[in-house]
Amino acid sequence: MDIAANIAKIKNTLPLGVNLVAVSKTKPIADILEVYHSGHTIFGENKVQELVRKYEQLPKDIEWHFIGHLQTNKVKLIIPFVQLIHGVDSFKLLKVIDSEAKKINRMVKCLMQFHIAEEDTKFGLNLNEAREILVNNEFKSFRNVIITGVMGMATYTENTGQIRNEFKFLNVIFSTLKNEFFSGDKRFAEISMGMSDDYQIAVEEGSTLIRVGSKIFGERNY
Ligand SMILES: *Cc1c(COP(=O)(O)O)cnc(C)c1O
């Protein structure tokens, strides 16, 4: 498998303004370096320990994104270097991110994760839960988190119509929040959606950030 060729092929099809997170979870350092040396510097991991280990071993100009479910007691381990936390799904988590970032005088970008799939196993907020966070006065006092957009995962299904509708829904959520809370804020601009099997649909539905693993690195063996 030619990893560098895989990522080049995907990137060549992406319209301007759509960025790619190379999801390297479970994959060895050598594979990540292969992608890095091909000129790609944005990588995503979903386990804190694995992310920290890879951060320590790899070049420091890599932009690391955390894409998994983040436990509050592990936040401080990634705050010194993480560039974007995709999966913020509670006020409590946001509060811990803000306070840990404040301690080291960093600003940390976060996306609010929404539940758009039909499975109830996937994490995420609904629109009203997000509104509750955004109107909260304590949230408004946070100075070390920047909400830069939304993230979601579609249902794992062959039904592309359903996947498309779920992505459309996330786009509507993005626009709604933009209008209600972020109309003057250019930083609120990201819609993180689309993985190996559905990123083309996601891009058609307005994704600005796709998260692709197996289409680049090959299937994962857990
Ligand atoms: C693993 C993972 C991906 C990438 O999945 P692939 O199907 O291998 O592209 C994207 N997003 C999240 C949140 C993930 O956990």
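First, a word on scope: everything that follows refers to the structure included in this document.

How each quantity is defined
- Residues numbered from 1 in each chain as written.
- Predicted model: local features only at pLDDT ≥ 70, side-chain atom pairs only at ≥ 80, totals over all residues.
- Heavy atoms only, no water.
- Near = heavy atom within 4 Å.
- Polar contact = N/O pair within 3.5 Å; in protein donor to acceptor, adjacent residues only side chain to side chain.
- Areas by Shrake-Rupley, 256 points an atom, 1.4 Å probe, with all protein chains shown as cover.
- Axes fitted to C-alpha atoms, helices over the stretch in contact; angles between N-to-C directions.
- Helix = DSSP H or I, 4+ residues; strand = E, 2+ residues; numbered from the N terminus.
- Parallel < 35°, antiparallel > 145°, perpendicular 65-115°, else oblique.
- Left-handed = near helix turned anticlockwise from the far one by under 90°.
- Contact = heavy atoms within 4.5 Å.
- Nonpolar A, V, L, I, M, F, W, Y, C, P; charged D, E, K, R; others polar.
- Core = buried A, V, L, I, M, F, W, Y, C linked by side-chain atoms within 4.5 Å.
- Buried < 20%, exposed > 50% of the residue type's maximum accessible area, 1.4 Å probe, protein only.
- Phe/Tyr/Trp six-rings, centres within 6.5 Å; stacked < 30°, edge-to-face > 60°.
- Lys NZ or Arg CZ within 6 Å of the ring centre and 35° of its normal.
- Expected span 1.5 Å × (residues − 1).

As a matter of local geometry, the ligand sits amid Val 23, Lys 25, Ile 67, Met 151, Met 153, Met 195, Ser 196, Arg 211, Val 212, Gly 213, Ser 214 and Arg 220. The separation between an oxygen atom of the ligand and a polar side-chain atom of Ser 196 is 2.5 Å. Here Arg 220 contributes a side-chain N or O atom positioned 2.7 Å from an oxygen atom of the ligand. Here the ligand has 390 Å² of accessible area as a free molecule, and 92% of this is covered by the chains.

Turning next to the packing of helix H1 (residues 3-13) against helix H2 (residues 29-37). The axes of two packed helices give the description: the angle between them and the distance between them. Put simply, H1 and H2 touch, their axes get as near as 9 Å, and they point 50° apart. One finds that H1 runs oblique with respect to H2. Taken as a pair, H1 and H2 cross one another with a handedness that is right-handed. Judged by residue contacts, Ile 3, Ala 4 and Ile 7 of H1 engage Asp 31, Glu 34 and Val 35 from H2. Counted by class, the contact of H1 with H2 contains four nonpolar, no polar and two charged residues.

Attention now moves to the side chain of Arg 211. Along the chain, Arg 211 turns up in strand S8 (residues 209-212). A distance of 2.9 Å separates a polar atom in the side chain of Arg 211 from a polar atom in the side chain of Ser 192. If near-sequence neighbours (up to four positions away) are discounted, Arg 211 is found in contact with Val 21, Val 23, Ile 67, His 86, Met 151, Gly 152, Met 153, Ser 192, Met 193, Gly 194, Met 195 and Ser 196.

Turning our eyes to something else, we now look at the nonpolar core. Core analysis: the biggest nonpolar cluster contains 64 residues, and Ile 78, Ile 85, Ile 97, Phe 114 and Ile 216 have the highest contact counts within it. The element best represented in this core is helix H8 (residues 160-181), accounting for six residues. Within the second largest apolar cluster, six residues are counted, among which are Val 21, Ile 42, Leu 111 and Met 151.

Now for the packing of aromatic side chains. Applying the stated criterion across every chain, the model contains six aromatic pairs. Measuring from ring centre to ring centre gives 4.9 Å for Phe 174 and Phe 188, while their planes differ by 5°; the resulting arrangement is stacked. Taken as a pair, Phe 174 in helix H8 and Phe 188 in the loop between H8 and strand S7 (190-192) lie far apart in primary sequence, 14 residues in all. Judged on exposure class, the residue Phe 174 and its partner Phe 188 are both buried. Here the aromatic rings of Phe 182 and Phe 188 are separated by 4.0 Å at their centres, their planes lie at 0°, and the arrangement is stacked. The class for Phe 182 is buried, based on a relative accessible area of 8%. Taken together, the ring pairs in this structure connect Phe 91, Phe 139 and Phe 142 into an aromatic cluster. Against the face of Tyr 55 rests Lys 60, its NZ or CZ located 4.8 Å from the ring centre.

On to unusual backbone geometry, then. One non-glycine residue with positive phi stands out, namely Thr 26, at about 70°. For Thr 26, the location among the structural elements is in the loop between strand S1 (19-23) and H2. Take Thr 26: its relative accessible area is 34%, and that puts it in the partly exposed class.

In this model helix H5 (residues 91-103) runs 19 Å from its N-terminal to its C-terminal C-alpha over 13 residues, within 8% of the 18 Å that 1.5 Å per residue would give. Of the residues making up H5, those classed as buried are Leu 93, Leu 94, Ile 97, Asp 98, Glu 100 and Ala 101. Lining the buried residues of H5 we find helix H4 (75-78), strand S4 (84-88), strand S5 (108-114), helix H6 (127-135), helix H7 (137-140) and strand S6 (145-152). Just past H5, the residue Asn 105 takes up positive phi, approximately 60°.

Running from amino to carboxyl end, H6 crosses H8 at an angle of 25°, the nearest separation of the two axes being 11 Å. Between H6 and H8, the crossing angle belongs to the class labelled roughly parallel. Classified by chirality, the crossing of H8 by H6 is right-handed. When H6 is examined against H8, the residues Leu 127, Ala 130, Arg 131, Leu 134 and Val 135 are found in contact with a partner set consisting of Ile 173, Thr 176, Leu 177, Glu 180 and Phe 181. The residue inventory of the contact of H6 with H8, partitioned by class, reads seven nonpolar, one polar and two charged.

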